[in-house]
Protein chains: 2
Amino acid sequence: MDPRPVGVFDSGVGGLTVLHECLVTMPNEDFVYLGDHARLPYGPRPLAEVREFSREIGSFLERQDVKLIVVACNTATSAALPQLQEELRVPVIGVITPEAHAAVQATRNRRIGLLATQGTVESGRYASLVRALDAGVAFHPVACPRLVPLIESDDPYGEETESAVREYAAPLKEARVDTVILGCTHYPLIRPILQRVFGRDVTLVFSAEETAREVAETLARKGIEHDRDRDGAYRFLTTGDQAAFREMGRRFLQLPIADVEHVALKELTAA
Amino acid sequence: MDPRPVGVFDSGVGGLTVLHECLVTMPNEDFVYLGDHARLPYGPRPLAEVREFSREIGSFLERQDVKLIVVACNTATSAALPQLQEELRVPVIGVITPEAHAAVQATRNRRIGLLATQGTVESGRYASLVRALDAGVAFHPVACPRLVPLIESDDPYGEETESAVREYAAPLKEARVDTVILGCTHYPLIRPILQRVFGRDVTLVFSAEETAREVAETLARKGIEHDRDRDGAYRFLTTGDQAAFREMGRRFLQLPIADVEHVALKELTAA
């Protein structure tokens, strides 16, 4: 039994879909979520800079006495996961590995597709992980630059989103993949459109779900779960604007967001 | 193979969660949805009146050449399902039966809870169906008058919704039910809050999901499915205000809502 909270971080609100899955599947655990809004987006920054930000946040969360850290951000996972795992005492779980593993387990015809941001596709992380797990898999990545802006817009479920999804899905259908990795934390919000476009015969693997599952299994295997019969709590920290976080965050979390605390950047760097 | 659409109706937008599940699990089928907004809510009306409305809509949909009708409304199912099944030539599927059946299948300790509106609880339909399927089940219904207004409010995921859910869930946790029927088409919108409050050990049974599954199985068993490799279409009819339908409907459907056509009440009654 371990009463300490789990730490989760992202550059913005996308990681809230990972927190969402964690809160739904581990209602007995406490969580603390940090959104680095003051410095988003991480995507266009040099990897070395994202790595430095991630190390600052990782150390900060460790000082908050968390028992495990989730890097709920594709860019930060690509840039910094090995360094965080080497430097921090607590276990660190990122996105990418859990969903790559799940996709290789799920595919029957060994054709796997990926929908993700331009940066994630270009990093080649999913491709190399999938091939490391099964060298015989045909892997088809598709960059989807229009999806994140549409999901953050006023009409995430509109026809423009559907037509964008149809366009990005077309080469994957052409390639007859039976499994698609949704490799961006924003994508669970448009799950119904994705499921309808791909149809029942394609398995969709969401990073939020697989990462939450990895967190739950890790807590259980290490014997650091909290008591089972309690109601967990969760709190939010942001380096940016608290009201903006709450407004956009509600849509991603789909659970109450009470107080959002501000953390000054200098608190992150004052190690 | 049968190219005709499936008809779905409700007094308002709640039935869109049933249509949502149908569209996601049967992307190859065409659907037509009728919302009787001009006469909602059905809940407070005499059963005989709701039965008459349902017969009008059933006949109207049959004249639209549908191959199956889904009564996506608890009140109309309670009031009119047997009459519709007797009078219409096409198969008619209602809510209530599918989820009662699923709950009896799912329970391990034979303690089943129900969260639903006051009217649904008072009708006793779920209780009698559950007992007809397994007379040994202990059944615990809870009326939830605050949930529908909260789900239709501006802040469906807020703390007020969570505290209402905790209040309604308390007697079911006390009774140690292992399965809960969510007996109102509005409730899928707050699924994350419900799942978090009940925890992982309780099976939640949603009427929208179970009804969509019943529709899919019925089409398959009767051999009246549409071609598998096509993209289905769907359209909307309302007896009320088209803009209001589209605005509230988006949140319930989570898929694009293109045109909404107006149907005058006299078209329903002109049999």
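Rules used throughout
Residues numbered from 1 in each chain as written. Chains lettered and ligands numbered in written order. Predicted model: local features only at pLDDT ≥ 70, side-chain atom pairs only at ≥ 80, totals over all residues. Heavy atoms only, no water. Domains from an automatic or database assignment. Contact = heavy atoms within 4.5 Å. Buried area = accessible area lost by both parts, 1.4 Å probe. Buried < 20%, exposed > 50% of the residue type's maximum accessible area, 1.4 Å probe, protein only. Helix = DSSP H or I, 4+ residues; strand = E, 2+ residues; numbered from the N terminus. Pairing = 2+ DSSP bridges. Right-handed = clockwise from strand over helix to strand, strands pointing away. pLDDT = per-residue confidence, 0-100. Phe/Tyr/Trp six-rings, centres within 6.5 Å; stacked < 30°, edge-to-face > 60°. Lys NZ or Arg CZ within 6 Å of the ring centre and 35° of its normal. Least-squares fit on C-alpha atoms with pLDDT ≥ 70 in both. Salt bridge = Lys/Arg side-chain N within 4 Å of Asp/Glu carboxyl O. Polar contact = N/O pair within 3.5 Å; in protein donor to acceptor, adjacent residues only side chain to side chain. Axes fitted to C-alpha atoms, helices over the stretch in contact; angles between N-to-C directions.

Peer 1: Which residues make up the domain arrangement of chain A, and what values go with them?
Peer 2: All names here are of chain A. For chain A, the assigned domains are domain 1 (6-94 + 209-270) and domain 2 (96-206). Placing a centre on the C-alpha atoms of domain 1 and another on those of domain 2 gives a separation of 23 Å. Facing 17 residues of domain 1, the contacting portion of domain 2 comprises 22 residues. Across the interface of domain 1 and domain 2, roughly 1600 Å² is buried in total on both sides, 53% from carbon and sulfur atoms. Contact with domain 2 buries area across many residues of domain 1, yet N74, E210 and R251 alone supply 37% of it, more than any other trio.

Peer 1: Could you give an account of the pairing of strand β2 (residues 31-35) of chain B, naming the residues involved and the relevant values?
Peer 2: All names here are of chain B. The buried fraction of β2 is high, at five of five residues. Side chains F31, Y33 and G35 of β2 all project onto a buried face; the interleaved residues V32 and L34 project onto the opposite face, where all are buried too. Here five bridges tie strand β1 (residues 6-10) to β2, and the two strands are oriented parallel to one another. Opposite D10, over in β2, you have G35 as the bridge partner. Of the crossover connections in this fold, the one passing from β1 over helix α1 (residues 16-25) to the parallel β2 is right-handed.

Peer 1: Provide a residue-level description of the confidence of the model for chain A, including the pertinent values.
Peer 2: Of all residues in chain A, 100% attain a pLDDT of 70 or more, and the chain-wide mean is 95. As scored by the predictor, the complex reaches a pTM of 0.89 and an ipTM of 0.82.

Peer 1: Before we move on, can you summarise the packing of aromatic side chains with the specific residues and values?
Peer 2: Taken as a whole and assessed by the stated rule, the structure comprises 10 aromatic pairs over all chains. With 5.7 Å between their ring centres and 85° between their planes, Y234(B) and F236(B) make a pair best called edge-to-face. With a relative accessible area of 18%, Y234(B) lands in the buried category. Among the aromatic residues, those joined into a cluster by ring pairs are Y33(A), Y234(A), F236(A) and F245(A). Positioned above the aromatic ring of F206(A), the side-chain terminus of R191(A) is 4.2 Å from the ring centre.

Peer 1: An account of the pairing of strand β3 (residues 68-71) of chain B is requested, with residue identities and associated values reported.
Peer 2: Residues and elements named next belong to chain B. Burial along β3 is two-sided: the residues L68 and V70 and I69 and V71 are all buried. Of the strand pairs in this sheet, β1 and β3 are connected by four bridges, and their pairing is parallel. Considered in β3, the bridge of F9 is made with V71. For β3 and strand β4 (residues 92-94), the ladder comprises three bridges, and the chain directions are parallel. Residue pairing in the sheet places V70 in a bridge with I93 of β4. As a crossover connection, the stretch from β3 through helix α3 (residues 74-87) into β4 is right-handed.

Peer 1: Requested: an account of the relation of the copies chain B and chain A, with residues and values cited.
Peer 2: It takes a turn of 180° to lay chain B on chain A, together with a shift of 0.0 Å along the axis; the resulting RMSD is 0.0 Å. The superposition operator between the copies reduces to a two-fold rotation axis. Using C-alpha coordinates, one finds that chain B approaches the rotation axis most closely at R251(B), a distance of 5.6 Å. Most of the interface of chain B is mirrored in chain A: 100% of its interface residues are interface residues there too.

Peer 1: Describe the interface of chain B and chain A, naming the residues involved and giving the relevant values.
Peer 2: The accessible area lost on association of the parts is a frequent measure of interface size. The interface of chain B with chain A comprises 35 residues on the first partner and 35 residues on the second. Three residues stand out in chain B for area buried against chain A, namely Y157(B), R196(B) and R200(B), and they jointly supply 27% of the buried area on that side. Our count for the chain B to chain A interface comes out at six salt bridges. Measuring nitrogen to oxygen at the nearest pair gives 3.5 Å for the salt bridge that ties R250(A) to D155(B). At the junction of chain B with chain A, the criterion picks out 12 residue pairs in polar contact (both at pLDDT 80 or more). Broken down by secondary-structure element, the contributors of at least two residues to the side of chain B that touches chain A are α1, α8 (159-174) and α9 (191-198) of chain B.

Peer 1: Explain the sheet that holds strand β10 (residues 260-262) of chain A to me, and be specific about the residues and the numbers.
Peer 2: Adjacent strands of a sheet form backbone hydrogen bonds with each other and so pair up, either parallel or antiparallel. Residue and element names in this part refer to chain A. Taken in spatial order, the six strands of this open sheet run β4-β3-β1-β2-β9-β10, and their pairing is parallel. The sheet is open, and its two edges are formed by β4 (92-94) and β10, each paired on a single side. Each strand of the sheet is rotated relative to its neighbour by a mean of 20°, with strand direction disregarded. Pairing geometry for strand β9 (residues 234-238) and β10, over three bridges, is parallel. Its bridge partner lying in β10, L237 is registered against E261. Contacting β1 (6-10), β3 (68-71) and β4, helix α3 (residues 74-87) crosses the sheet at an angle of about 160° to β4.

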